[in-house]
Structure formats: structure tokens, C-alpha cells
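Below, each chain spelled out in residue letters.
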Amino acid sequence: MSTASPVRTTAVSAEGLWKAYGMGEAQVVALRDVSVEFASGAFTAIMGPSGSGKSTLMHCLAGLDTTDRGTVHIGDTAVTGLGDKALTKLRRDKIGFIFQQFNLLPTLTAEENITLPAAIAGAKADPAWINQIIKTLDLADRLSHKPTELSGGQQQRVACARALASRPEVVFADEPTGNLDTRSGAEVLRFLRTSVDDFGQTIVMVTHDPSAAAYADRVVFLADGQIVEDMAEPTADKVIDKMKHFEELVAAAQGEHA
């Protein structure tokens with residue numbers, strides 16, 4: 001008797017997203033009628049050449065930027081149209097962020113940086129959960145250190161711990177290995193993979209690195225503000241091969257939208 005696979009719900013969804021910057025002849029359309037869903041408990045990478053719209057898509061999904069048209073949902077919550085106060089609460093309660101620049105507060109210890117979002121929200125972090133994250137990230141002997149006393153890889157691991165501390169519905173990671181050496185980057189990516197496999201976390205990551213994308217369950221490729229390919233079970237070689245044929249993918253997508 002076979003056991004059915006668990007049904008994944010949708011953690012984040014976008015429908016008909018359009019986003020443009022500038023006016024008139026100087027206008028740049030960053031997103032063109034983008035519709036996409038991201039399953040809960042899955043690791044998705046977003047890739048594309050520079051200017052493809054991948055960071056804009058992430059910022060719109062996370063409520064960091066507004067859309068011109070279309071809707072975004074985090075779980076059952078409509079992000080589109082929320083006021084500043086409601087957006088702040090949504091980002092605090094349901095979203096974790098990992099950025100390329102770490103964004104740690106230099107005057108706080110690693111432990112204080114990890115628990116800061118809960119402190120700001122007036123909530124108490126779950127000690128057992130925090131300890132589990134710290135153990136997984138091998139940060140126990142670094143908790144009293146300030147960011148300047150940590151390596152780049154250690155700082156990014158602290159940022160990962162901070163992102164997961166509140167058990168968010170989704171973690172958005174924007175080029176999380178962009179400032180790291182190969183070894184440190186691999187450590188961070190292994191943790192993101194573990195957080196999905198062991199903790200059921202949802203990860204949406206923007207990256208330009210095929211090796212980083214290979215840690216994901218799925219890769220969504222953008223070009224010229226449109227989704228041009230959706231790849232399951234990526235490998236670095238499959239991603240590299242796909243990116244070699246990007247011009248054909250873009251031409252095909254433009255033909256569909258003509």
C-alpha cells in the first residue's frame with residue numbers, strides 16, 4: 001500500500017503582475033503580466049540575466065515594492081493594497097528576509113541580532129526553536145560576538161537564523177551567497193536546503209549562480225520581465241544549458257505575449 005505524498009499549499013502567489021519605472025520614453029517595464037505560485041515547504045530559485053525583473057518580482061512578492069497591476073498573496077493574505085501599517089505587520093509576522101549585505105546591526109551581538117525581530121514585535125522568541133536553528137547553523141560559540149568579529153559566512157548564518165527565528169510563512173533570500181566565498185556560500189545554501197527538508201520552511205531565492213540554484217526544488221527563469229521557463233529538479237548543468245539558450249526562450253515568450 002503506497003503512502004500519498006503530502007499536498008502542498010500555496011505559500012506565495014502572484015497574478016497578472018505589471019511593474020514599470022519611469023515615464024514616457026524613459027519608462028522601463030520591469031514585470032510584464034507575471035503569474036506564478038510558490039508552494040509551501042519548497043525551495044524555489046528565481047534566475048535571469050541582469051535587468052530581467054527577478055529582484056523586482058521578489059520585492060513585489062514581499063511587499064517591499066508596489067505593483068502597477070495585478071495581485072500578490074502571502075498565504076490567504078492579499079498583499080496588494082495593504083496600507084503601510086498592515087504591510088509592516090505582515091512582513092514582521094509572516095516573512096523572513098536574507099539579503100546579500102547581511103544587514104546585521106553592528107552594535108548588537110549575534111544572539112541579539114537573531115532575536116531582534118521578536119523583540120521589536122514585543123514577542124518572546126521560542127527558546128527551543130532558536131536553539132535548534134543555532135545548533136543547525138553551528139553558531140553556539142559565536143553568540144556573544146558582534147558582526148565585526150565574525151567572518152562573512154558567519155554573518156550570513158546569523159542573518160539566516162534571524163530570518164527563521166519567527167517561523168515565517170516564507171523566507172525571501174536576495175542573492176544570499178553573493179558576497180561569500182565558495183565554501184561559505186555552500187554552508188549557507190546547505191542550511192537553506194535543510195530548513196526546507198527538516199523544518200518545512202518555504203524559501204524563495206533570487207540568484208545568478210547555477211550552483212546555488214541547484215540546491216532548489218525548482219527554478220523560475222525570467223527574461224525581459226516575463227517568466228520564460230519553469231524547471232523542476234534543477235542541476236547546475238541543466239541550469240547552465242538553459243541559460244545558454246535564453247535568447248530563444250525570450251523570443252518564444254515575446255511571441256506568446258504579442
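Our subject is the structure that appears above.
Because the structure is a prediction, the values reported are computed rather than measured. (Residues numbered from 1 in each chain as written. Predicted model: local features only at pLDDT ≥ 70, side-chain atom pairs only at ≥ 80, totals over all residues. Heavy atoms only, no water.)

Draft legend 1. Region of interest: the overall build of the protein chain. Per the secondary structure count, the protein chain includes 9 helices and 10 strands. The C-alpha atoms of the protein chain give a radius of gyration of 19 Å, which matches the 18 Å a tight globule of 258 residues would have. Seen along its three principal axes, the alpha-carbon backbone of the protein chain occupies a region of about 55 × 50 × 40 Å. Counting over 258 residues, the protein chain shows a buried share of 47%. If you take every contact in the protein chain between residues at least 6 apart in sequence, the share linking residues at least 24 apart comes to 68%. With the model as given, the accessible surface of the protein chain reaches about 12900 Å², and the carbon-plus-sulfur share is 50%. A distance of 6 Å separates the average location of the 24 positive side-chain charges in the protein chain from that of its 33 negative side-chain charges. (Helix = DSSP H or I, 4+ residues; strand = E, 2+ residues; numbered from the N terminus. Rg over C-alpha atoms; globule rule 2.2 N^0.38 Å. Buried < 20%, exposed > 50% of the residue type's maximum accessible area, 1.4 Å probe, protein only. Contact = heavy atoms within 4.5 Å. Areas by Shrake-Rupley, 256 points an atom, 1.4 Å probe, with all protein chains shown as cover. Lys, Arg positive; Asp, Glu negative; His and termini not counted. Charge placed at Lys NZ, Arg CZ, Asp CG, Glu CD.)

Draft legend 2. Here's a closer look at the environment of phenylalanine 221. Here phenylalanine 221 shows up in strand 9 (residues 218-223). For the pair phenylalanine 221 and methionine 58, spaced 163 residues apart in sequence, the C-alpha separation works out to 13 Å. Look past the residues within four positions of phenylalanine 221 in its chain and what remains in contact with it is Met47, Gln226, Ile227, Val228, Glu229, Met231, Val239, Lys242, Met243 and Phe246.

Draft legend 3. Region of the structure containing the layout of surface pockets. By volume, the largest pocket is sized at about 410 Å³. Contributing to the lining of the largest pocket are 15 residues, with Arg91, Ile95, Phe97, Pro117 and Arg162 lying nearest its centre. Elements represented by at least two residues in the lining of the largest pocket include exactly helix 2 (84-94), strand 6 (95-99), helix 3 (110-120) and helix 5 (152-164). It is strand 6 that provides the largest number of residues to the lining of the largest pocket, a total of 4 residues. Considering only residue class, the lining of the largest pocket consists of 8 nonpolar, 4 polar and 3 charged. (1 Å grid on protein atoms, 1.4 Å probe; cavity = no way out; pocket = protein on both sides within 12 Å on 5 of 7 lines; lining within 4 Å. Points joined across faces, edges and corners; volume = space filled by probe spheres on them. Nonpolar A, V, L, I, M, F, W, Y, C, P; charged D, E, K, R; others polar.)

Draft legend 4. Here's a closer look at the packing of helix 5 against helix 6 (residues 182-197). The contact between helix 5 and helix 6 brings their axes to 9 Å, and the two run at 20 degrees. By the angle between their directions, the pair helix 5 and helix 6 is classed as roughly parallel. Remark: the crossing between helix 5 and helix 6 carries right-handed chirality. Contacts between helix 5 and helix 6 involve Gly153, Gln156, Arg157, Cys160 and Leu164 from the former and Ser184, Glu187, Val188, Phe191, Leu192 and Ser195 from the latter. (Axes fitted to C-alpha atoms, helices over the stretch in contact; angles between N-to-C directions. Parallel < 35°, antiparallel > 145°, perpendicular 65-115°, else oblique. Left-handed = near helix turned anticlockwise from the far one by under 90°.)

Interpretation in functional terms is not warranted from these geometric data alone.
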